[in-house]
Amino acid sequence: QVQLVESGGGLVQAGGSLRLSCAAPGSINVINAMGWYRQAPGKQRELVARITSGSSTNYADFVKGRFTISRDNAKNTVYLQMNSLKPEDTAVYYCNAEGWRGGSYGAFWGHGTQVTVSS
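Each chain has its residues counted from 1, following the order in which its sequence is written. Two thresholds apply to this predicted model, a pLDDT of at least 70 for residue-level local features and 80 or more for giving and counting side-chain atom pairs, whereas whole-chain, interface and lining totals are computed over all residues. Based on all heavy atoms of the structure, the side-chain values leave hydrogens and waters out of the count.

1. Some thoughts on the pairing of strand β11 (residues 113–118)
And step 1. A simple rule labels every residue: compare its accessible area, found with a 1.4 Å probe on the protein chains alone, to the largest value its type can have, and call it buried under 20%, exposed over 50%, or partly exposed in between. By definition, any uninterrupted DSSP run of H or I lasting at least four residues is a helix, any uninterrupted run of E lasting at least two residues is a strand, and each is numbered from the N terminus. Where burial is concerned, the two faces of β11 differ: the one with Thr113, Val115 and Val117 is buried and the one with Gln114, Thr116 and Ser118 is not.
And step 2. Note on pairing: two strands pair once DSSP finds at least 2 bridges between them. Two elements, strand β2 (residues 10–13) and β11, share four bridges in a ladder whose sense is parallel. Across the sheet, residue valine 12 finds its bridge partner in β11, namely valine 117.
And step 3. Sheet analysis places strand β9 (residues 91–101) next to β11, joined by three bridges and oriented antiparallel.

Structure (structure tokens):
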């Protein structure tokens, strides 16, 4: 019923860049943290980057120095700037938000956006 909307995925050559965006619906009253996860075929979904409402961040080791996460709290939107992309970055990228909805706290997800990095 409630889901996030990701955009910005696509096909890019190795070494290129993409910028992902994710917007949370207004029904999520408070976003405490938002993040990006990814899942490649046959692999577990894994954390890419996460950012809190206070702008504290954490990154997976495999993206440190290449990806940057940021957010616009007023818009409940999170971004992921991906530079120096590698073929192993190919995956479906999912946005996650932690917040309040209907008087309860929960996690919300988008349907994902495909990122394909060619060699």
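Picking up where we left off.
2. Comments concerning the packing of aromatic side chains
And step 1. Stacked, edge-to-face and tilted labels apply to pairs of Phe, Tyr and Trp rings (six-membered ring for Trp) whose centres lie within 6.5 Å, assigned for plane angles under 30 degrees, over 60, and everything in between, in that order. Per the counting criterion, the structure on display carries two aromatic pairs.
And step 2. Here tryptophan 100 and tyrosine 105 contribute two aromatic rings whose centre-to-centre distance is 5.5 Å and whose plane-to-plane angle is 65°, an arrangement assigned as edge-to-face.
And step 3. A relative accessible area of 38% places tryptophan 100 in the partly exposed class.
And step 4. The positively charged end of arginine 45 is found above the aromatic ring belonging to tyrosine 94, 3.7 Å away from the centroid.
And step 5. Charge-over-ring contacts are defined here by two conditions on Lys NZ or Arg CZ: a distance within 6 Å of the ring centre and an angle within 35 degrees of the ring normal. In this structure, arginine 45 is placed above the aromatic ring of tryptophan 109, and the distance from its NZ or CZ to the ring centre is 4.9 Å.

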